[in-house]
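Below, each chain spelled out in residue letters.
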Amino acid sequence: MTGINHLAYAIALSNLSNTYWAQGWYAEAELLHLEVKAVLARVLVADRPDYHYSSLYNLACFYQRQRRYGEADTLWHNVALRSFTNIR
């Protein structure tokens, strides 16, 4: 896969998202992180679900820092449920 459907693109967006977060641009950081999640879902979920779980966990951390506790809790619950379900 190339272009916007590539792991390198997701990594670059994730780095930019973290930079935005550090600068206090929370809305912009969240939008980029949602895009990272979407790219990882398209590119890696079938082969590497751990990347997708990591993305969900990071988004939950964003929500917690913004005091959006309900949304963060829901994501953390989904990550835990899915990751334990996939343990072989």
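Coordinates for the structure precede this section.
Note that this is a predicted model, so its numbers are computed, not measured.

Chemist: Any chance you could break down the packing of helix α1 (residues 7–22) against helix α2 (residues 26–43) for me, citing the residues and the numbers?
Modeler: Where α1 contacts α2, the axes come no closer than 8 Å and their chain directions differ by 160°. When the interaxial angle is binned, α1 and α2 end up roughly antiparallel. As for how α1 packs across α2, the hand of that crossing is left-handed. Along the contact surface, α1 presents Leu 7, Tyr 9, Ala 10, Leu 13, Ser 14, Leu 16, Ser 17, Tyr 20 and Trp 21, while α2 presents Tyr 26, Glu 28, Ala 29, Leu 32, His 33, Glu 35, Val 36, Val 39, Leu 40 and Val 43. Its residues placed into classes, the contact of α1 with α2 shows 14 nonpolar, three polar and two charged.

Chemist: Describe the pattern of salt bridges, with residues and values.
Modeler: All chains considered together, the criterion is met by three salt bridges. Note that Glu 30 and Arg 68 form a salt bridge whose closest N and O atoms lie 2.8 Å from each other. Here Glu 30 is found in helix α2, whereas its partner Arg 68 is found in the loop between α3 (49–65) and α4 (69–85), with 38 residues between them in sequence. The class for Arg 68 is partly exposed, based on a relative accessible area of 24%.

Chemist: How would you sum up the nonpolar core? Please name residues and give values.
Modeler: Counting eleven residues, the largest nonpolar core is built from Trp 21, Ala 29, Tyr 53, Leu 56, Leu 59, Ala 60, Phe 62, Tyr 63, Ala 72, Leu 75 and Val 79. When contributions to this core are tallied by element, the ones reaching two or more residues are α3 and α4. Examining the composition of this core, we find that six residues originate from one element, α3, more than from any other. If you look at the next biggest cluster of nonpolar residues, it comprises seven residues, including Ala 10, Leu 13, Leu 32 and Val 39.

Chemist: Tell me about unusual backbone geometry, and name the residues and values.
Modeler: Although it is not a glycine, Arg 67 adopts a positive phi angle of roughly 65°. Along the chain, Arg 67 turns up in the loop between α3 and α4. For Arg 67, a relative accessible area of 66% puts it in the exposed group.

Chemist: Outline the environment of Tyr 20, supporting the account with residue identities and numerical values.
Modeler: Tracing the backbone shows Tyr 20 in helix α1. According to the relative accessible area criterion, Tyr 20 is partly exposed, its value standing at 21%. A C-alpha to C-alpha distance of 9.1 Å links Tyr 20 and Leu 32, two positions twelve residues apart in sequence. Discounting residues that sit within four places of it in the chain, Tyr 20 has contacts with Trp 25, Glu 28, Ala 29 and Leu 32.

Reading guide: rules and limits
Residues numbered from 1 in each chain as written. Predicted model: local features only at pLDDT ≥ 70, side-chain atom pairs only at ≥ 80, totals over all residues. Heavy atoms only, no water. Axes fitted to C-alpha atoms, helices over the stretch in contact; angles between N-to-C directions. Helix = DSSP H or I, 4+ residues; strand = E, 2+ residues; numbered from the N terminus. Parallel < 35°, antiparallel > 145°, perpendicular 65-115°, else oblique. Left-handed = near helix turned anticlockwise from the far one by under 90°. Contact = heavy atoms within 4.5 Å. Nonpolar A, V, L, I, M, F, W, Y, C, P; charged D, E, K, R; others polar. Salt bridge = Lys/Arg side-chain N within 4 Å of Asp/Glu carboxyl O. Buried < 20%, exposed > 50% of the residue type's maximum accessible area, 1.4 Å probe, protein only. Core = buried A, V, L, I, M, F, W, Y, C linked by side-chain atoms within 4.5 Å.

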